[in-house]
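Inside the fold
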There are 2 protein chains.
Amino acid sequence: MIIVEGLHPLYTERLRSLIDFKIFVDPSRSVKRLWKVRRDVGERGYNPEQVKAEILQREPDYKLYIDVQKIYAEIVVKVQDSRFHPSLLDTEPKPELYSVRLIQQMLEHPVPEVDLAIDLSKILRTSEHEFSIEFQRDDYYGKKVGIMTIDGEIHQSMIAELEKKLGDTLGTYAVISDRREEYVNAIGVSQLILTWSCLEKLQHLMGYRR
Amino acid sequence: MIIVEGLHPLYTERLRSLIDFKIFVDPSRSVKRLWKVRRDVGERGYNPEQVKAEILQREPDYKLYIDVQKIYAEIVVKVQDSRFHPSLLDTEPKPELYSVRLIQQMLEHPVPEVDLAIDLSKILRTSEHEFSIEFQRDDYYGKKVGIMTIDGEIHQSMIAELEKKLGDTLGTYAVISDRREEYVNAIGVSQLILTWSCLEKLQHLMGYRR
């Protein structure tokens, strides 16, 4: 498996024809600014005013030459600001909250069942963190899509089955999601779902080619 | 077990002290009007103008003498308009969609685990209906509460474990939720969760009294 990552991998028809599974990551304007300022100022030591000016200057080109590629993707991953906010009374430091929308082309072949398990007993006790999960259908640039939106943080028990399924497929039983805490944010959950979708697609393609 | 249903069961302290588990059902203004018009005009044959005038005339008294009781309830059930709408292209008749918020006092005793299972493989195929599930924490008239909001329709496989748990507790294996279809709306799901919460509370009370 070859993973191609970059700004224009879906730009020409020739490139697109060589890629079996196309993902477009689409952070909102505010998330993009936060991430770029953090990297360029925090890690690379640039001047915040310069970084901000560069972001604004690049925005039209982003729309013209990068954003348009999303119409070719099988999955578009939108990363947006969370609806949830840390409580004023919380003393523990909170992880970063995001709302992630996975806009996925509907599959026509059957896929083995894998459950996200929402434990009602946890929800009735004080320990549960805030989250939401939403599913919608839509048309998206000529494709039928399912849109799954995850916001906030979920308990790791909820993704245990998904992690196990990935471990079975990959032949590894390490903890796959990038979590150091009991709760996983929407980006962590989405990474698992994306990995699972990639593997399903790969297995489907291999089946056809065998 | 005695179930008391009515407009003022939580109004006096004496009444409240006799009730172990207090539920307040709180439909939104628009849902209340829809239900009342449907019953009074549709079932009882009243004049729609009369019914509408009566609703408006009663609203202040509702606020003064009924709505105030919600501060005493362990669970407040808000029934509101759904965020989801039938697709213009849908040909099959759709069941009624609602958004239901269960505002539940946080439990301090442990509760056995019961999962709502969201099948990701269904979500990736065309058959899935639209839904959302959300969990928030808040303070509500002096109580710590968890707020669970369910909107749209979920597949019956998602509530299978909850139905089985209720069947085990009640000693009956009939289908408990009021469903004739493959998908259950938010009111159906909430009825199951409420029944489960009542039974958990009852078992907890019986344990103390033994």
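Up top is the structure these notes are about.
Residues numbered from 1 in each chain as written. Chains lettered and ligands numbered in written order. Predicted model: local features only at pLDDT ≥ 70, side-chain atom pairs only at ≥ 80, totals over all residues. Heavy atoms only, no water.

Some remarks on the overall build of chain A
This is how it is decided: In this description a helix means any DSSP run of H or I spanning at least four residues, a strand means any run of E spanning at least two, and both kinds are numbered starting from the N terminus. The buried label applies to any residue whose accessible area, calculated with a 1.4 Å probe on protein chains only, is under 20% of its type's maximum; exposed applies above 50%, and partly exposed to all values in between. In what follows, residue pairs with any heavy atoms lying within 4.5 Å of each other are defined as contacts. Accessible areas in this description were obtained via Shrake-Rupley with a 1.4 Å probe; residue shielding takes into account the shown protein chains only.
Broken down by element type, chain A carries six helices and seven strands. Listing every helix and strand of chain A by position from the N terminus yields α-β-α-α-β-β-β-α-β-β-α-β-α. Per-residue burial for chain A yields a buried fraction of 45% across its 210 residues. If you take every contact in chain A between residues at least 6 apart in sequence, the share linking residues at least 24 apart comes to 73%. For chain A, the exposed area adds up to about 12200 Å²; of that, 54% sits on carbon and sulfur atoms.

Quick word on the pattern of salt bridges
Residues and elements named next belong to chain A. The test is simple: By convention in these notes, a salt bridge is any Lys or Arg side-chain nitrogen within 4 Å of a carboxyl oxygen on Asp or Glu.
Scanning the entire structure with this criterion turns up 35 salt bridges over all chains. A salt bridge links lysine 63 to aspartate 67, with the shortest nitrogen-to-oxygen separation between them at 2.9 Å. Through salt bridges with shared partners, a single network forms among Lys36, Arg39, Asp40, Arg44, Glu54 and Arg58.

A few points about the interface of chain A and chain B
Test applied: Computed with a 1.4 Å rolling probe, the buried area is the accessible surface lost when two parts are put together, summed over both parts. Polar contact is defined as a pair of N or O atoms within 3.5 Å, subject to the rule that within protein one atom must be able to donate a hydrogen and the other to accept it, and that residues adjacent in sequence are counted only when both atoms are side-chain atoms.
Each partner contributes to the interface: chain A provides 40 residues, whereas chain B provides 40 residues. The contact between chain A and chain B buries some 3900 Å² in all, and 60% of this surface belongs to carbon and sulfur atoms. Of all residues in chain A, Leu120, Leu124 and Phe135 of chain A bury the most surface against chain B, accounting for 20% of the area lost on that side. The tally of links from chain A across to chain B stands at two salt bridges. The closest approach of N and O atoms between arginine 83 of chain A and glutamate 134 of chain B, which form a salt bridge, is 2.8 Å. Counting across the chain A and chain B interface gives 13 residue pairs in polar contact (both at pLDDT 80 or more). Within the residue set of the side of chain A that touches chain B, elements represented by two or more residues are strand E4 (115–119), helix H4 (120–123), strand E5 (131–140) and helix H6 (186–209) of chain A. Per-element accounting of the side of chain A that touches chain B gives the leading share, seven residues, to E5 of chain A.

Overview of the environment of tyrosine 141 of chain A
Residue and element names in this part refer to chain A. Here tyrosine 141 lies in the loop between E5 and strand E6 (143–155). Along the backbone, tyrosine 141 and isoleucine 3 are 138 residues apart, and their C-alpha atoms lie at a distance of 24 Å. If we ignore the near neighbours within four places in the chain, the residues touching tyrosine 141 are Lys70 and Ile71.

What about the environment of isoleucine 123 of chain A?
Mapped onto the elements of the fold, isoleucine 123 of chain A is located in helix H4. Isoleucine 123 of chain A has contacts with Ile118, Glu128 and Phe131 of chain A together with Met106, Phe135 and Met148 of chain B, leaving out every residue within four places of it along the chain.

Notes on the relation of the copies chain A and chain B
Quick reminder of the rule: Least-squares superposition of the copies uses the C-alpha atoms of those residues scoring a pLDDT of at least 70 in each of them.
It takes a turn of 180 degrees to lay chain A on chain B, together with a shift of 0.0 Å along the axis; the resulting RMSD is 0.0 Å. Taken together, the turn and the small shift mark the pair as related by a two-fold rotation axis. Among all residues of chain A, the one whose C-alpha sits closest to the rotation axis is alanine 117 of chain A, at a distance of 2.2 Å. Mapped onto chain B, 100% of the interface residues of chain A are again interface residues, and the two copies thus contact each other with one and the same surface.

Considering the side chain of arginine 16 of chain A
Its place among the elements puts arginine 16 of chain A in helix H1 (residues 13–18). Setting aside anything within four residues of it in sequence, one finds arginine 16 of chain A in contact with Pro9, Leu10, Tyr11, Lys22 and Tyr72 of chain A.

What about the side chain of asparagine 185 of chain A?
All names here are of chain A. Here asparagine 185 is to be found in strand E7 (residues 183–185). The exposure class of asparagine 185 is buried, given its relative accessible area of 18%. One polar contact links the side chain of asparagine 185 to the main-chain amide nitrogen of isoleucine 187, over a distance of 3.1 Å. Setting aside chain neighbours within four positions, we find asparagine 185 in contact with Glu96, Tyr98, Gly152 and Glu153.

Side note on the packing of aromatic side chains
The criterion, for reference: Only rings of Phe, Tyr and Trp enter the pairing, Trp through its six-membered ring, and a pair is recorded when the two centres are within 6.5 Å. The plane angle decides the type: under 30 degrees is stacked, over 60 is edge-to-face, the rest tilted. Counting as a charge over the ring demands two things of the Lys NZ or Arg CZ atom: a distance within 6 Å of the ring centre and an angle within 35 degrees of the ring normal.
Throughout the structure, instances matching the rule amount to six aromatic pairs over all chains. When the ring of phenylalanine 135 of chain A is compared with that of phenylalanine 131 of chain B, the centres are 6.2 Å apart and the planes differ by 35 degrees; the resulting orientation is tilted. Taken together, the residues span two chains, with phenylalanine 135 of chain A in strand E5 and phenylalanine 131 of chain B in strand E5 (residues 131–140). Overall, phenylalanine 135 of chain A belongs to the buried group, its relative accessible area being 0%. Between the aromatic rings of tyrosine 140 of chain A and tyrosine 141 of chain A, the centroid separation amounts to 4.6 Å while the plane-to-plane angle is 65 degrees, which identifies the pairing as edge-to-face. It is lysine 32 of chain A that lies over the ring of tyrosine 62 of chain A; its NZ or CZ is 3.7 Å from the centre.

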